[in-house]
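Residues per chain, in single letters:
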Amino acid sequence: CSVEDNIEPTLDWLAGRLGLDDAALRKMILKQPYTLGCSVGENLEPTLDWLQRRLDLDDDAVSRMVRTYPQLMHLSIESNLAIKIE
């Protein structure tokens, strides 16, 4: 697990997707450090896209929600989020 191959791309994706500056990104990672071990394509992106579509949120709203509750990115859509939201 190298920083350049795994961690840096995840940080870059989170910063771009959520519009986070370095301070906000740091704060979020300190709350949920295992975010760095998640796959963007298999976990983070599908979960954020699903939340945004299902709750009809714009980019700013989904960013605020995830900054407040970063653990949402780690919940399974099928076995957790869909059951609770529907």
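Residues numbered from 1 in each chain as written. Predicted model: local features only at pLDDT ≥ 70, side-chain atom pairs only at ≥ 80, totals over all residues. Heavy atoms only, no water.

> Would you mind going over the overall build of the protein chain in detail, with residue names and values included?
When you go through the protein chain residue by residue, the secondary structure sums to five helices and zero strands. At 13 Å, the protein chain has a C-alpha radius of gyration in line with the 12 Å of a compact globule built from 86 residues. Projecting the C-alpha coordinates of the protein chain onto the three principal axes gives extents of approximately 40 × 25 × 20 Å. Burial analysis of the protein chain (86 residues in total) assigns 36% to the buried set. For the protein chain, the share of sequence-separated contacts (at least 6 apart) that also reach a separation of at least 24 residues comes to 65%. Surface accessibility of the protein chain: about 5,400 Å² in total, with carbon and sulfur atoms responsible for 49%. (Helix = DSSP H or I, 4+ residues; strand = E, 2+ residues; numbered from the N terminus. Rg over C-alpha atoms; globule rule 2.2 N^0.38 Å. Buried < 20%, exposed > 50% of the residue type's maximum accessible area, 1.4 Å probe, protein only. Contact = heavy atoms within 4.5 Å. Areas by Shrake-Rupley, 256 points an atom, 1.4 Å probe, with all protein chains shown as cover.)

> Run through helix 3 (residues 40–54), naming residues and quoting values.
Helical geometry note: an α-helix holds 3.6 residues per turn, so side chains three or four residues apart project in the same direction. P46 marks where helix 3 bends most, by close to 25°. Among the residues making up helix 3, those that are buried are V40, L44, T47, L48, W50, L51 and Q52. N-cap assignment for helix 3: the residue whose side-chain oxygen lies 3.4 Å from the backbone N of G41 is S39. D56 occupies a position one or two residues after helix 3 and carries a positive phi of about 50°. (Bend = angle between axes of the 7 residues up to and from the residue. Polar contact = N/O pair within 3.5 Å; in protein donor to acceptor, adjacent residues only side chain to side chain.)

> Please provide a residue-by-residue account of the packing of helix 3 against helix 4 (residues 59–68), values included.
Orientation of helix 3 relative to helix 4, taken along the N-to-C sense of each, is 120°, at an axis distance of 10 Å. Of the possible angle classes, the one that applies to helix 3 and helix 4 is oblique. Of the two possible hands of crossing, helix 3 and helix 4 adopt the one that is right-handed. Facing helix 3, whose interface residues are L48, L51 and Q52, helix 4 presents D59, V62, M65 and V66. (Axes fitted to C-alpha atoms, helices over the stretch in contact; angles between N-to-C directions. Parallel < 35°, antiparallel > 145°, perpendicular 65-115°, else oblique. Left-handed = near helix turned anticlockwise from the far one by under 90°.)

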